[in-house]
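Letter by letter, the chains look like this.
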Amino acid sequence: MKTNILLAIESSCDDTSAAIIIDGVVKSNITATQDVHKAYGGVIPEAASRNHEINIIPVVSKAIKEAGISKNDIQAIGVTRGPGLLGSLIVGLSFAKGFALANNIPLIEVHHMKAHILAHFAEKPYPPFPFLCLTVSGGHTQIVKIDDYHDMEILGQTIDDAAGEAFDKSGKMMGLDYPAGPIIDKLAQKGKPIYQFGIPKIANLDFSFSGLKTSIRYFLRDHLKEDPKFIEKEKENICCSIQTSIVNILMAKIKKAADETGISHIAIAGGVSANSFLRSELKRYGTEYGWNTYIPKFEYCTDNAAMIGISAYYKLLAKDFSNQEITPAARLEF
Ligand code: KG4
Ligand code: ZN
């Protein structure tokens, strides 16, 4: 069989990442994170694109070196076309177009959210088709039914904030750095879920987190009026309560989707799938309801180029190539 050597690029938000995939196996996966956004409580698009421009060449060089190949060995390039921040996507896509043109190799566009799901094919055991995936990131929250590498259907999604945003915005209200998700996760491990917040009442498989956000805002405001040191003193319990509320909302919908579809292969993906409570709850539900559960390794949860490379690999096998006219897309049809 012919060897496939692929370079993959991810630059949709604030992480610049490059990976080398050989015959569907990840050989290197290098990510440069951007600390510049921490102080602002969110990603500053202009700063993100400037930093992608600074990071992209060193990150690609490192990925090539770590995989033990040379630039001339690369036979195709996969790149995130969207969804994401336009200025960020432009850097990765322009690099990929130039690289494809200069080396006369195919260009393969990849959908960022589909790639989060296909990260499950970076390492065995692979989930069998069909399976359900709860994809939870900073910008999206979706329940997806996956029939094949190229055939996926969104069964439900958020109507307002994403799960990651719910973590980040709650953390911001508490004065935590961006992204607050991992910080809340860590603090929650020392706390108890003693506080209750509003639970959304949405009948179908869609999600809503804006009510929870408002409920947390008023909760903090009222307690701070009585005791200005409330957050400082109760940090761990507040974080544990926020995390429990968000994860309970997510798990209730996954359970509903499993019941409605009769599918019992259940996966999680995206940045929030790094959350320790979500991971343990998925396992617990799996044991209780007889599901086979699939949880990505930490390096494949948050944004990374390996997942772009795995997606591009399956498109390469299907000879699904893009042309030089493609443009980045802030929103991209699933
Ligand atoms: O998938 P991702 O890296 O980027 C997007 O495509 O958005 O997801 C980033 C999101 C952020 O909101 C971050 O706070 C959240 O994932 N996140 C976590 C954890 N690690 C990352 N949320 C909760 N617990 C974590 N351990
Ligand atoms: Zn992502």
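None of the values given here were measured: they were computed from a predicted structure.

(A) How the structure looks around the overall build of the protein chain. A tally of regular secondary structure across the protein chain gives 9 helices and 10 strands. In terms of C-alpha radius of gyration, the protein chain reaches 20 Å, essentially the compact-globule figure of 20 Å for 334 residues. Over its C-alpha atoms, taken along the principal directions, the protein chain stretches across nearly 65 × 45 × 30 Å. Across the 334 residues in the protein chain, those meeting the buried criterion constitute 54%. Averaging the locations of the 35 positively and 37 negatively charged side chains of the protein chain gives two centres separated by 2 Å.

(B) Representation of the pattern of salt bridges within the structure. Summed over all chains, the structure comprises 16 salt bridges. Aspartate 320 is paired through a salt bridge with lysine 315; the nearest N and O atoms lie 4.0 Å apart.

(C) View of the coordination of the zinc ion (ligand 2). Note on the zinc ion (ligand 2): its protein donors are His112 (NE2), His116 (NE2) and Asp303 (OD). The metal-donor distances range over 2.0 to 2.1 Å. Within one chain, the residues donating to the zinc ion (ligand 2) are spaced in sequence as H-x3-H-x186-D. With histidine 112 and histidine 116 both in helix H3 (residues 112–118) and 4 residues apart, this pair spans about one turn of that helix. What makes histidine 116 buried here is its relative accessible area of 1%.

(D) Representation of the nonpolar core within the structure. Among the nonpolar cores identified, the biggest contains 44 residues, and Leu134, Phe209, Ile238, Ile246, Leu250 and Leu278 are the most heavily contacted of them. For this core, the elements supplying multiple residues, two or more each, are strand S6 (131–136), helix H4 (163–173), helix H5 (180–188), helix H6 (210–226), helix H7 (230–261), strand S9 (265–269) and helix H8 (276–289). Per-element tally for this core: the top contributor is H7, with 14 residues. In this structure, Ala19, Ile21, Ala76 and Ala306 belong to the second largest nonpolar core, which totals 32 residues.

(E) Structural context of the pairing of strand S2 (residues 15–22). For S2, a buried count of 8 out of 8 residues is recorded, marking the element as mostly surrounded by other parts of the structure. By the bridge criterion, 6 bridges tie strand S1 (residues 5–10) to S2 in an arrangement that is antiparallel. Across the sheet, residue isoleucine 9 finds its bridge partner in S2, namely alanine 18. Here S1 folds back onto S2 in antiparallel fashion, the turn holding 4 residues. Pairing geometry for S2 and strand S3 (residues 25–33), over 8 bridges, is antiparallel. In the sheet register, isoleucine 20 faces S3, and the bridge partner there is serine 28.

(F) Spatial organisation of the sheet that holds strand S10 (residues 292–294). Strand order in the open sheet formed by 5 strands is S8-S7-S6-S9-S10, and the pairing between neighbours is mixed. Lying at the two open borders of the sheet, with one neighbouring strand each, are strand S8 (151–157) and S10. Direction aside, neighbouring strands of the sheet carry axes that sit 25° apart on average. The pairing of S6 with S9 spans 4 bridges and is classified as parallel. When the bridges of S9 are listed, leucine 134 appears paired with isoleucine 268.

(G) Region of interest: a nonpolar patch on the surface. On the surface, Val36, Tyr40 and Ile44 cluster together into a nonpolar patch covering about 260 Å² of accessible area. Using a relative accessible area of 32% as the deciding quantity, one classes isoleucine 44 as partly exposed.

Reading the values: rules and limits
Residues numbered from 1 in each chain as written. Chains lettered and ligands numbered in written order. Predicted model: local features only at pLDDT ≥ 70, side-chain atom pairs only at ≥ 80, totals over all residues. Heavy atoms only, no water. Helix = DSSP H or I, 4+ residues; strand = E, 2+ residues; numbered from the N terminus. Rg over C-alpha atoms; globule rule 2.2 N^0.38 Å. Buried < 20%, exposed > 50% of the residue type's maximum accessible area, 1.4 Å probe, protein only. Lys, Arg positive; Asp, Glu negative; His and termini not counted. Charge placed at Lys NZ, Arg CZ, Asp CG, Glu CD. Salt bridge = Lys/Arg side-chain N within 4 Å of Asp/Glu carboxyl O. Donors = N, O, S within 2.8 Å, 3.2 Å for Na, K, Ca; no water. Core = buried A, V, L, I, M, F, W, Y, C linked by side-chain atoms within 4.5 Å. Pairing = 2+ DSSP bridges. Axes fitted to C-alpha atoms, helices over the stretch in contact; angles between N-to-C directions. Patch = residues over 30% accessible without salt bridge, like charges linked within 9 Å, V, L, I, M, F, W, Y side chains within 5 Å. Areas by Shrake-Rupley, 256 points an atom, 1.4 Å probe, with all protein chains shown as cover.

Read these as layout, nothing more, since geometry by itself doesn't imply function.
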